[in-house]
Amino acid sequence: MKEIEVIINGDKLERVKRILSAFSKSGIFVTQGFGYGHQQGFHQVYTRDDNRGVNMLPKVSVRTVVPDELVDPIVDEMVADMGNATFGDGKIFVREIADAIRVRTNERGDTAL
């Protein structure tokens, strides 16, 4: 099992939900926050002012846990659908999950998803 975390602008949330629901029914967890990448939250870097500070941008984090065989197809679909080669397209993180337990039934592993 692997956890997929996608950090995006909020306007891409519906696209992420559509892609994830097409591959898996395991559910998602969405959180909102603020952050910036290596461009420090600015859309264009055409200034000589090095003291401009950091611009915190609203972001959405979407997390889900899926079986290993679904990771590559999901990531490939997200990159193809949401990437437009501009700053701020987002980031995708994939983490190993040791186990999952459904509290209600005590099911474990992939069946708990």
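Residues numbered from 1 in each chain as written. Predicted model: local features only at pLDDT ≥ 70, side-chain atom pairs only at ≥ 80, totals over all residues. Heavy atoms only, no water.

**Student:** Where do I start with the packing of helix α1 (residues 13-23) against helix α2 (residues 68-82) in this structure?
**Tutor:** It is at 10 Å that the axes of α1 and α2 come closest, and there the two elements cross at 150°. Taken together, the axes of α1 and α2 lie roughly antiparallel to each other. Remark: the crossing between α1 and α2 carries right-handed chirality. Seen from α1, the contacting residues are Arg15, Val16, Arg18, Ile19, Leu20 and Phe23; seen from α2, they are Leu70, Pro73, Ile74, Glu77, Met78, Asp81 and Met82. (Axes fitted to C-alpha atoms, helices over the stretch in contact; angles between N-to-C directions. Helix = DSSP H or I, 4+ residues; strand = E, 2+ residues; numbered from the N terminus. Parallel < 35°, antiparallel > 145°, perpendicular 65-115°, else oblique. Left-handed = near helix turned anticlockwise from the far one by under 90°. Contact = heavy atoms within 4.5 Å.)

**Student:** What should I look at first to understand unusual backbone geometry in this one?
**Tutor:** Excluding glycine, most residues fall at negative phi; most peptide bonds, likewise, are trans. Residues other than glycine seldom take positive phi values, yet Asn106 does so here, at roughly 65°. Summarising the element assignment, Asn106 is placed in the segment after β4 (91-96).

**Student:** Just checking my understanding: could you explain the pairing of strand β3 (residues 57-66) for this structure?
**Tutor:** Within β3, seven of the ten residues are buried, which leaves it mostly tucked inside the rest of the structure. Here strand β1 (residues 2-8) runs beside β3; their pairing, made up of seven bridges, is antiparallel. Residue Val6 lies in a different strand from β3, and its bridge partner there is Val62. When strand β2 (residues 29-35) meets β3, the two strands line up antiparallel, connected through seven bridges. Within β3, the residue paired with Thr31 across the bridge is Ser61. (Buried < 20%, exposed > 50% of the residue type's maximum accessible area, 1.4 Å probe, protein only. Pairing = 2+ DSSP bridges.)

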